[in-house]
Amino acid sequence: MKLDILAMGPHPDDVELGCGGTLAKAVAEGKKVGIIDLTNGELGTRGSREIRLKEAEAAKNILGVHARENLNMRDGFFLNDETNQLEVIKAIRKYRPEILITGAPEDRHPDHGRATELIVRASFLAGLPRIETGQEAWRPKRIFHYIQWKPLTPDFVVDISGYLETKIDSCLAYASQFHDPNSDEPETAISSTNFKESINYRAKDWGRLIWKDAGEAFISESILGVDSMEAFL
């Protein structure tokens, strides 16, 4: 299946938190969209590998994306090396996305920045025909980074008005990870009430900056060009 947009993240839930609204909107507009998680999130303090995979499938169905895969890299220990680059290369060549979305260039969680470096490197290598995987070479036309924990400055914000509830629902499909007053598992950086509420208020704040109800912010890997100033109107 050829995809218009492929979103990749290190753990199940990263993509939903970073760009779930954008993906839901793209699906509603008739685009072919997919998600690839590098790991199962098995080192997470709460939940388990099996729970996370079930939650990921539920989130996939909420967003309506057309494909979701897990590359089963080692959570916490995956490297930006040839072995893992080849796995990402094969995934990119399989789905041939026009747009690749990945995580923030730097973030609180060390897996996030390392995953981004791996994915960006592999996306370039995927376009080199002499790297043989039994597939046609393919390089996405654009790479965009969703913003995660750190309040980085975006290059643009996507209007997700009308899709914020879908984003929130896809995130809360990961019930094991977020605030649950009945849970007796240890508290984490994302299990607080504040973090759960931040899914809504951060999207609302990005929307405020572009005079819309809700938004998701992105950084572009390359300089963006337009045909004329009217493209901004």
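Preceding this paragraph is the structure being described.
Parameters and conventions
All chains use their own residue numbering, which begins from 1 and follows the written sequence. A pLDDT threshold of at least 70 governs which residues receive local features in this predicted model, and a stricter bar of 80 or more applies before side-chain atom pairs are shown or counted, although totals over entire chains, interfaces and linings include all residues. Calculation of side-chain values draws on the structure's entire complement of heavy atoms; hydrogens and water are dropped beforehand. Helix and strand labels come from DSSP, where a helix needs a run of H or I of at least four residues and a strand needs a run of E of at least two; each type is numbered from the N terminus. Think of a polar contact as two N or O atoms within 3.5 Å of one another; within protein, one of them needs to be a possible hydrogen donor and the other a possible acceptor, and neighboring residues in sequence only count if both atoms come from side chains. Should any heavy atoms of two residues lie within 4.5 Å, those residues are counted as being in contact. One side-chain nitrogen of Lys or Arg within 4 Å of one carboxyl oxygen of Asp or Glu is enough to make a salt bridge. Exposure is judged per residue with a 1.4 Å probe applied to protein chains only, and the accessible area is read against the type maximum: over 50% gives exposed, under 20% gives buried, and values in between give partly exposed. For two strands to be treated as a pair, DSSP must find no fewer than two bridges joining them. Call a crossover right-handed when, viewed with both strands pointing away from you, the route from the first strand across the helix to the second goes clockwise.

Draft legend 1. Molecular detail of the side chain of T39. Relative to the helices and strands, T39 is located in strand β2 (residues 33-39). A polar atom in the side chain of T39 sits 2.8 Å from the backbone oxygen of P10. Separated by 3.1 Å, the side chain of T39 and the backbone nitrogen of G41 make a polar contact. Setting aside residues up to four positions removed in sequence, T39 forms contacts with P10, H11, P12, N70, M73, R74, D75 and F78.

Draft legend 2. Quick peek at the pattern of salt bridges. Under the definition given, this model contains twelve salt bridges. In this structure, the salt-bridge partner of R68 is D37, at a minimum N-O distance of 3.0 Å. In this pair, R68 is assigned in strand β3 (residues 67-73) and D37 in strand β2, connecting sequence segments 31 residues apart. Between K167 and E216 there is a salt bridge; the shortest N-O distance is 2.8 Å. Of this pair, K167 sits in helix α5 (residues 164-172) while E216 sits in strand β7 (residues 215-220), placing them 49 residues apart in sequence. Given a relative accessible area of 3%, K167 falls into the buried group. Via salt bridges that share partners, K2, E98 and K141 belong to a single interconnected network.

Draft legend 3. Molecular detail of the pairing of β2. By the criterion of burial, β2 is predominantly enclosed, with seven of the seven residues buried. Pairing of strand β1 (residues 5-9) with β2, which is carried by five bridges, proceeds in the parallel orientation. Bridge assignment links G9 to a residue of β2, and that residue is D37. Handedness of the crossover joining β1 and β2 through helix α1 (residues 14-28) is recorded here as right-handed. Where β2 meets β3, five bridges bridge the pair, whose relative direction is parallel. Along β3, the bridge assignment pairs G34 with A67. With helix α2 (residues 49-63) bridging β2 and its parallel neighbour β3, the resulting β-α-β unit is right-handed.

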